[in-house]
Amino acid sequence: MPLLVMKFGGTSVADLARIKNAAEKVKKEVERGYDVIVIVSAMSGKTNELVGWVEQTSPLFDAREYDAVVASGENVTAGLMALTLQEMDVPARSWQGWQVPINTTSAHSSARFVDIPRENIDAKFAEGFKVAVVAGFQGVSPEGRITTLGRGGSDTTAVAFAAAFAAERCDIYTDVDGIYTTDPRITSKAKKLDRIAFEEMLELASLGAKVLQTRSVELAMRYKVKLRVLSSFEDTDETSGTLVCDEDDIMESKVVSGVAYSREEAKITLFTIEDRPGVASGIFGPLADAGINVDMIVQNISEKDYDEAHPGAVTDMTFSCPINQVARAKKALEEAQAKDLIKYDELIIDEDVAKVSVVGIGMRSHAGVAARMFRALSADGINIKVISTSEIKISVLIDRKYMELAVQALHDAFELEKA
Ligand code: ADP
Ligand code: ASP
Ligand code: MG
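From a predicted model like this one, the values you see are computed outputs, not experimental measurements. Each chain carries its own residue numbering, running from 1 in the written order of its sequence. Chain labels run from A onward and ligand labels from 1 onward, assigned in the order the entries are written. Where local features are concerned, this predicted model is filtered to residues with pLDDT of at least 70; where side-chain atom pairs are given and counted, the filter is 80 or more; whole-chain, interface and lining totals use all residues. Think of the side-chain values as coming from all heavy atoms in the structure, minus any hydrogens and water.

What follows deals with the site of ligand 1. Contacts to ligand 1 come from 16 residues, most closely from Thr 174, Asp 175, Tyr 180, Asp 183 and Arg 185. Here a polar contact is taken to be a pair of N or O atoms separated by no more than 3.5 Å, where protein atoms must pair a possible hydrogen donor with a possible acceptor and residues adjacent in sequence count only if both atoms sit in side chains. Contacts to ligand 1 include Tyr 180, whose backbone N or O atom sits 2.9 Å from a nitrogen atom. A distance of 2.5 Å separates an oxygen atom of ligand 1 from a polar side-chain atom of Arg 185. Surface exposure here means Shrake-Rupley accessible area, sampled with a 1.4 Å probe, where a residue is shielded only by the protein chains that are shown. If ligand 1 stood free it would expose 570 Å²; the protein chains cover 89% of that surface. Ten residues, namely Ala, Val, Leu, Ile, Met, Phe, Trp, Tyr, Cys and Pro, are considered nonpolar, four, namely Asp, Glu, Lys and Arg, are considered charged, and the remaining ones, Gly among them, are considered polar. Of the residues contributing to the shell around ligand 1, the split by class is 6 nonpolar, 5 polar and 5 charged. We call a residue near a given molecule or strand whenever any one of its heavy atoms falls within 4 Å of it.

Okay, here's the thing in structure tokens:
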């Protein structure tokens, strides 16, 4: 029997009426002859509420109990979806992560899949059930504890099931009708793309476009899952939405395909550090040990080049990291200074920054993208604080108050409304 994976995000299962609407889409696919694995998120806002309850109860919470609490939102929607389908005469059964079992690592709140044995769900399909409704975002550790996959993780559950069950397609139903040139909430000029290359989507997701969790794109790319994003609020068919596919399956690609942003960034500068071998590892070693996700890094040029015969040169080091890791980063650096592992005069933290990035595989073969980007930002008087580049993206750190303006300016500068 051909099999489809259909994932419904938080807004698509936000209340009973929306669950019914999603169930109708599932029923249609069953009537077309598919077995369906439905992956559900928690009702929108629920996971945030659960996280808030954990933090209020225990600021330095036990990660195992955090996962036990925050995974529960998906249990409710999985059961309700199965009930709704049953009411429509579609034989459906719900599955929590441990029942499948969805085996993950024990890295609580950012667990990774180890394996998803098919036997239990296959046995239910063999009994005549047409739909398995699986709670997204969660799994079970080797120790038998509940784990979660990181925020937005239901996308990754969906792709992992599509790979494990060799699904014909993995459809991600959400509150937008596809992947756009940028977040349509930031500019009405954002244009829906019919197709986007895995690599571009991977960059966009990791640079902040939360329409798909980064890991889901990685998995889809690795296991060649046919991945599609489409609306749960519109009538849809095989041609709807945006297909994430191989670069070779895209007829023509633009130099820049999309603009992404990340609001929750912070910039940390260590002033007056020595300029000699070992200083960078002295700084970033303790940060890595503290689990800080360091992103952009710049080191100033010092007045004179390092030279063993003339030590004493100094420089400054700046890096960015997620804003919610600033306190931990500061503590790690201060401890390293106290232990004489590093030496700096001053630590300056700027929590009012955002990252804006342009992404496109066409950049590999086109010069001048950075110049065009910087010109567009300067025309709006936006100052660039840090720059980083890779083969297919350019990112800048700017004042957060200019974030929307920068996204709009770049969208215009690269004429993405004509995508
Ligand atoms: P779900 O709850 O269905 O998982 P999310 O809120 O996680 O939905 O993701 C969908 C949202 O992603 C959209 O509402 C949109 O605001 C945002 N988004 C950010 N970048 C893009 C983009 N390039 N294309 C489409 N949506 C985007
Ligand atoms: N409910 C989880 C979250 O809000 C997982 C998801 O929606 O993908 O992060
Ligand atoms: Mg999501």
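On we go.
Time to look at the UniProt feature "binding site: ATP" (unreviewed entry) in the chain. In the numbering used here, UniProt assigns the "binding site: ATP" (unreviewed entry) feature to Lys 7, Phe 8, Gly 9, Gly 10, Thr 174, Asp 175, Tyr 180, Arg 185, Lys 210 and Val 211. Tracing the sequence through the fold places Gly 10 in the loop between β1 (3-8) and α1 (16-31). For this analysis, residues touch if any pair of their heavy atoms sits within 4.5 Å. Setting aside its immediate chain neighbours within four residues, Gly 10 contacts Ser 41, Ala 42, Met 43 and Ser 44. Here a helix means four or more residues in a row that DSSP labels H or I, a strand means two or more in a row labelled E, and each is numbered from the N terminus. By secondary structure assignment, the location of Val 211 is in the loop between α7 (198-206) and α8 (214-223). Note on exposure labels: buried denotes an accessible area under 20% of the residue type's maximum, exposed denotes more than 50%, and partly exposed covers the range between, all computed with a 1.4 Å probe on protein chains only. Among the residues examined, Val 211 registers a relative accessible area of 24% and is labelled partly exposed. If we skip the residues at most four places from it in the chain, Val 211 touches Asp 155, Val 176, Ile 179, Met 201 and Val 229. UniProt positions are given in the numbering used here, feature names are shortened, and annotations may be inferred rather than shown by experiment.

Let us look at the sheet that holds strand β16 (residues 346-359). The sheet built from 6 strands is open, its strands ordered β14-β15-β13-β16-β18-β17 with antiparallel pairing. Two strands in the sheet have a free side with no partner beyond their single neighbour: β14 (297-299) and β17 (386-390). Each neighbouring strand pair of the sheet contributes to a mean axis angle of 25°, computed without reference to strand direction. Being paired, for any two strands, means DSSP has found at least two bridges between them. By the bridge criterion, 3 bridges tie β14 to strand β15 (residues 314-322) in an arrangement that is antiparallel. Note that in β15 the partner of Val 298 across the bridge is Thr 318. Lines fitted to C-alpha atoms define the axes, with helix axes restricted to the stretch in contact, and inter-axis angles between N-to-C directions lie between 0 and 180 degrees. Across the face of the sheet, helix α10 (residues 326-338) comes into contact with β13 (258-274), β15 and β16 while running at roughly 130° to β16. In this fold helix α11 (residues 369-379) packs onto β16, β17 and β18 (393-399), with an angle of close to 20° to the strand it touches most, β18.

Our focus in this paragraph is the nonpolar core. Side-chain atoms within 4.5 Å link the members of a nonpolar core, which is a set of buried Ala, Val, Leu, Ile, Met, Phe, Trp, Tyr and Cys residues. Judged by nonpolar contacts, the single largest core of 42 residues is most densely connected at Val 5, Ile 37 and Phe 161. A per-element tally of this core places helix α6 (residues 154-164) first, with 5 residues. In this structure, Phe 161 is in contact with Val 5, Ile 37, Ile 39, Val 100, Ile 102, Ile 116, Ile 121 and Val 134, ignoring residues within four places of it in sequence. Ranked by size, the runner-up nonpolar core spans 25 residues in total, among them Ile 19, Val 26, Val 36 and Val 40.

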